[in-house]
Amino acid sequence: MAEQKDDVPFYQKPEWADVVPIPQDDGPNPLVPIAYTQEYSTTMGYFRAMCRAQEKSERALDLTKIVIELIPSHFTVWYYRQQLLKELNKDLKTELEWIEWMVEEHPKSYQIWHHRQVIVGRIAQSLFPSTTTTSSSTPSTAQSAEAAFVFDDLSESQKTTVQDLVKSELEFIAEALKDDTKNYHAWSYRQWVLAHFGQGPWWTGELAYTEELLEKDMRNNSAWNQRYFVVTNGFGGLTEEDVQREVQFAKSRIEKTPSNESPWVYLTGILRKGNHSVTEIKEFCEGLLSVPRANFSPFVHATLLDIYEVEAKEQRSAASVEKAKEEAIMLAEKVDSIRSKYWNWRKTQLLKIDVAA
Amino acid sequence: MGVLNREEDLKTYGYNDDGIVTDSSEDQLKTEESIRRAFFPYTQESPMPLPIARLELRKLRHVKYVLGVIDKAGTHLTALDASKPWLCYWILHALDLLGYRIPERIAVRVISTLQHIQSPTGGFGGGPGQQAHVATTYAAVNALAIIGTKEAYDVINRETLKDFLMSVKQKDGSFTMMVGGEVDVRGSYCALSAATITNIVTPELTANAAEFIARCQTYEGGIGGFPGVEAHAGYTFCGLAALELLGRTDILDLDTFTKWSASRQMSMEGGFQGRTNKLVDGCYAFWTGGIFPILGKMLETAGQDQEVLDFVYDRDGLQEYLLAACQSKTGGLRDKPSKSVDHYHTCYCLSGLSLSQHQMSFRHELKDIAPGGLSALLWTENYDKRKVVGSPSNVLEITHPVLNIRVDKVRKAFLHYYGKAAEDVIEEVDIEIIRC
């Protein structure tokens, strides 16, 4: 605990002498009584006293930090701290430094990441109060896909300020993702940062960032999901050029690891979003059948089933239905038997196709 | 089917890394190795394979493990000091599924404990004197419904609960987890589940709720915590169950949803993962496994025959994973063999096992007499489709596929909160069951 300068616990210091700690009121014989340490129960007694009085003071703020470091999942403390920071008009940059340290210690805490978002949301709001579009945004609606500014409307110096803030946030998140490349909270917050500050140049960098992560681990599905988020939300949405580029991107990864589910789902997802038919990758998939290790990938066959199903519905011929059926059987019996029920069900769907006489 | 008794060597069904090693494939292969060790005694590779019928759910030991904390919990559980209602729910629901009759002396303590955790402004906090939170409110309501007595139901202040839920409801249809808290799909499910059980659902509470959840469905087909965020089984169950409570599952893209859900079962392990290219975990037996009964209902509504479907996943495989890899010898269930047991995993491994044993289906033919929340009463077991892997004594009590408390406890709670209306529906359902 960086705050404590000596070994004397806070409650033995004179500035706390007037506070009467409030014991926890569990009622008689509670279920699961936890064997708290002395330090914990005493600290919480003081916290309850502060909370009940809703005291807005420096000492209360210091105490929230002590409590949070003891139990970061204690959501009541975080909310109290957020109110105190506002009331006492505290420097939020200092708060960011502390959160950085906390995230390292507790990377999977819902509360810490949300706190970061609340604080950065406030910083964003305070930058240029007159230009914010969500000036009425309260903490409860802080997590909004709505951007705080129209980036293009800002002056050059304002743009620089925003870019610096976004850059430092993205770097902070990247640091957390180094330890756990699939940290759900980190990714969630990253999307919020990207969107909250509008359409700025950071979106371009983000595409490169996902590529960098996929270079290290092309099975990192969180990075694929982020890539989808970027190409469909950044730069004003998915263009035809994006579709072509992303299809190539996914294909090249599939060629390296055909048994990797992520690029397959990405590929078909991009095609669907771009209003392209899955049949456009027919040649690509059929080509993989002649690659020794690819022809056993369930994803090659699953995609071929999708393709042949579409064709069968268009052609309505017995032969085309048969072709699709063969893939379903291959999946159910050979390459993906754990999902045989699902593939058999897909097969029954094919039988419903009205074959023209 | 199943995973223990297959034609080829277990390894054949393992992950194919295409000769390119990355962190994900390394973690996956390491996990498979430890699971193969747990499976070994039952496989053909063993010199004297044990019959699968010998797989036993060690119920007594699990009861003992679960009860172990109720009188005194170790200091390490301080980490759950803001999750007390969750502890109550995980404990009670696990006991309930194991068929352990919760004695009066425990019931009294649960009631008093939760009474002290209810916030004066509505809802339940994480412990006495704490701010109300939607997730702990969900857990508290479920825990009290499991106790299922008038004293337990009367703890809940429905008026203030309604105020609390409305205070976290957002215009876009989402819910924050608490006043000033984060938005995610857990909030939608927890709020709607608590409101449905206590019969306080209003049009204001449900406005745009389905639309928000639909925005969380990703290109993969599953549901993420927030629009744009990666599909994840925990959020997918929450989103789907919330949509079911809203009567709006039709808002999802069914094809991609079905495919994504079916794809979460692990080829060698038989258990479920929570996200693409992530590891198996026993708790997803519920979060992913819980998708299938509701998905079955959706597919039936879309004109499919449940006979063909039989849950769209391999029930033997899942049960084998839970029984052979998730049980600790000393009691309690876990994520995977390399992890230790805890109450959360014990509750959700058992919930998933129960759902896998008892095929729950929806009585579509009665839906007109059970509008709104009452439709939760139309879930009944398809007895012919019961499947208990291993010893017949492994059979668990039946859990409700949407609310995750025992079906008999759901009925009891509805009789209390909905009165005559619930009574009428239950009567019709029972007549239907006898008639079939």
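By the naming in an unreviewed UniProt entry, chain B goes by Protein farnesyltransferase subunit beta and is assigned to Mortierella hygrophila. Word for word, the UniProt comment on chain B under Catalytic activity (unreviewed entry) is "L-cysteinyl-[protein] + (2E,6E)-farnesyl diphosphate = S-(2E,6E)-farnesyl-L-cysteinyl-[protein] + diphosphate". According to the UniProt record, the Sequence similarities (unreviewed entry) comment for chain B reads "Belongs to the protein prenyltransferase subunit beta family."

As recorded in an unreviewed UniProt entry, chain A goes by Protein farnesyltransferase/geranylgeranyltransferase type-1 subunit alpha and comes from Mortierella hygrophila. Here is the UniProt Sequence similarities (unreviewed entry) comment for chain A, exactly as written: "Belongs to the protein prenyltransferase subunit alpha family." Annotation of chain A in UniProt includes, under Cofactor (unreviewed entry), the sentence "Mg(2+)".

1. Things to note about the overall build of chain A
Along its length, chain A carries 15 helices and 0 strands. Relative to the globule expectation of 21 Å for 357 residues, the C-alpha radius of gyration of chain A, 28 Å, shows a markedly less compact shape. Split into buried and exposed, the 357 residues of chain A put 42% on the buried side. Partitioning the contacts of chain A with sequence separation of at least 6, the portion at a separation of at least 24 is 58%.

2. Observations concerning the overall build of chain B
The helix and strand inventory of chain B stands at 19 helices and 2 strands. For a compact globule of 436 residues, the expected C-alpha radius of gyration is about 22 Å, and chain B comes in at 21 Å, within 12% of that figure. In terms of overall dimensions, chain B has a C-alpha envelope of 65 × 50 × 50 Å along the principal axes. Every one of the 436 residues in chain B was classed for burial, and the buried ones make up 59%. For chain B, the share of sequence-separated contacts (at least 6 apart) that also reach a separation of at least 24 residues comes to 69%.

3. A look at the interface of chain B and chain A
Opposite the 69 residues of chain B that make contact, chain A presents 62 residues. Residue assignment for the side of chain B that touches chain A shows that the elements contributing at least two residues are α1 (23–39), α3 (84–97), α4 (104–117) and α15 (306–309) of chain B. A total of 6 residues in the side of chain B that touches chain A trace back to one element, the largest contributor, which is α4(B).

4. Some thoughts on the nonpolar core
Counting residues in each nonpolar core, the largest one holds 197 residues, and the members touching the most others are B:Cys88, B:Leu114, B:Ala143, B:Leu144, B:Ala242 and B:Ala285. Here this core takes 11 residues from helix α5 (residues 134–147) of chain B, the largest share from any one element. Among the domains, domain 1 (1–118) and domain 2 (280–357) of chain A are the pair contributing at least three residues each to this core. Setting aside residues up to four positions removed in sequence, B:Ala143 forms contacts with B:Pro85, B:Cys88, B:Tyr89, B:Leu92, B:Val110 and B:Leu114. Formed by 28 residues, the second largest nonpolar core is a distinct cluster that contains A:Ile112, A:Ile119, A:Tyr184 and B:Val229.

5. With respect to the environment of A:Gln226
All names here are of chain A. Assignment of secondary structure puts Gln226 in helix α9 (residues 221–233). What makes Gln226 buried here is the crowd of 25 C-beta atoms within 10 Å. Placed 50 residues apart in sequence, Gln226 and Ala176 show a C-alpha to C-alpha distance of 16 Å. Residue contacts for Gln226: discarding those within four places in its chain leaves Trp187 and Thr210.

6. Regarding helix α7 (residues 158–168) of chain B
Residue and element names in this part refer to chain B. Buried within α7 are the following residues: Leu161, Phe164, Leu165 and Val168. End-on, the buried residues of α7 take up no more than an arc of 95°, which puts them together on one face. In this structure, the buried residues of α7 make contact with α5, α8 (185–197) and α9 (203–206).

7. Digging into the domain arrangement of chain A
Size of an interface: often given as the accessible area lost when the parts come together. Structurally, chain A comprises domain 1 (1–118) and domain 2 (280–357). Here the C-alpha centre of domain 2 of chain A lies 58 Å away from the C-alpha centre of domain 1 of chain A.

8. A look at the packing of α4(B) against α5(B)
All names here are of chain B. Contact geometry for α4 and α5: axes closest at 10 Å, N-to-C directions at 155°. The pairing of α4 with α5 is recorded here as roughly antiparallel in orientation. Note that α4 runs across α5; the crossing there is left-handed. Residues Ala107, Val110, Ile111, Leu114 and Ile117 of α4 lie in contact with α5, whose contacting residues are Ala140, Ala143, Leu144 and Ile147.

9. What to know about the environment of A:Lys341
Residues and elements named next belong to chain A. Tracing the backbone through its elements, the reader meets Lys341 in helix α15 (residues 340–350). Owing to 20 C-beta atoms within 10 Å, Lys341 belongs among the buried residues under this scheme. Considered as a pair, Lys341 and Gln125 are 216 residues apart in the sequence and their alpha carbons are 53 Å apart.

10. Observations concerning the packing of helix α6 (residues 156–179) of chain A against helix α7 (residues 184–196) of chain A
All names here are of chain A. Following both chains from N to C, one finds α6 and α7 inclined at 165°, their axes separated by 10 Å at the closest point. It follows from the interaxial angle that α6 and α7 lie roughly antiparallel. Here α6 and α7 pass one another in a crossing that is left-handed. From α6, Val166, Glu169, Leu170, Ile173, Ala176 and Leu177 reach across to α7, where they touch Ala186, Tyr189, Arg190 and Val193. Tallied by class, the residues present in the contact of α6 with α7 amount to 8 nonpolar, no polar and 2 charged.

11. Structural notes on helix α12 (residues 254–262) of chain B
In terms of residue burial, α12(B) counts as a mostly covered element, since 7 of its 9 residues are buried. When we look at burial in α12(B), the residues that qualify are B:Thr256, B:Phe257, B:Thr258, B:Lys259, B:Trp260, B:Ser261 and B:Ala262. Considering only its buried residues, α12(B) is in contact with α15 of chain A together with α14 (291–301) of chain B.

12. Things to note about the confidence of the model for chain A
The pLDDT averaged across chain A works out to 92; a share of 93% of its residues lies at or above 70. Of the regions scoring below 50 in pLDDT, residues 132–144 of chain A engages in 29 contacts with residues more than four places distant in sequence or in other chains.

13. Digging into the environment of B:Lys385
Residue and element names in this part refer to chain B. For Lys385, the position within the fold is in the loop between β2 (379–381) and α18 (407–418). Of the residues examined, Lys385 has 16 C-beta atoms within 10 Å and is grouped as partly exposed. Apart from residues no more than four positions distant in its own chain, Lys385 is found in contact with Asp310 and Gln359.

14. Here we look at unusual backbone geometry
Residues other than glycine predominantly adopt negative phi, and peptide bonds predominantly adopt the trans conformation. Residue and element names in this part refer to chain B. Non-glycine residue Asp18 carries a positive phi angle of around 55°. For Asp18, the position within the fold is in the segment before α1. Assessed through the 18 C-beta atoms surrounding it within 10 Å, Asp18 is described here as partly exposed.

15. What to know about the confidence of the model for chain B
Per-chain confidence: chain B averages 96 in pLDDT, with 99% of residues scoring 70 or above. For this predicted complex, the interface confidence reaches an ipTM of 0.96, while the overall pTM sits at 0.96.

So, how was this worked out
Residues numbered from 1 in each chain as written. Chains lettered and ligands numbered in written order. Predicted model: local features only at pLDDT ≥ 70, side-chain atom pairs only at ≥ 80, totals over all residues. UniProt positions renumbered as here; feature names shortened; annotations may be inferred. Helix = DSSP H or I, 4+ residues; strand = E, 2+ residues; numbered from the N terminus. Rg over C-alpha atoms; globule rule 2.2 N^0.38 Å. Buried ≥ 20, exposed ≤ 12 C-beta atoms within 10 Å, placed from the backbone. Contact = placed C-beta atoms within 7 Å. Core = buried A, V, L, I, M, F, W, Y, C linked by C-beta atoms within 7 Å. Domains from an automatic or database assignment. Arc of directions from axis to C-beta. Axes fitted to C-alpha atoms, helices over the stretch in contact; angles between N-to-C directions. Parallel < 35°, antiparallel > 145°, perpendicular 65-115°, else oblique. Left-handed = near helix turned anticlockwise from the far one by under 90°. Nonpolar A, V, L, I, M, F, W, Y, C, P; charged D, E, K, R; others polar. pLDDT = per-residue confidence, 0-100.

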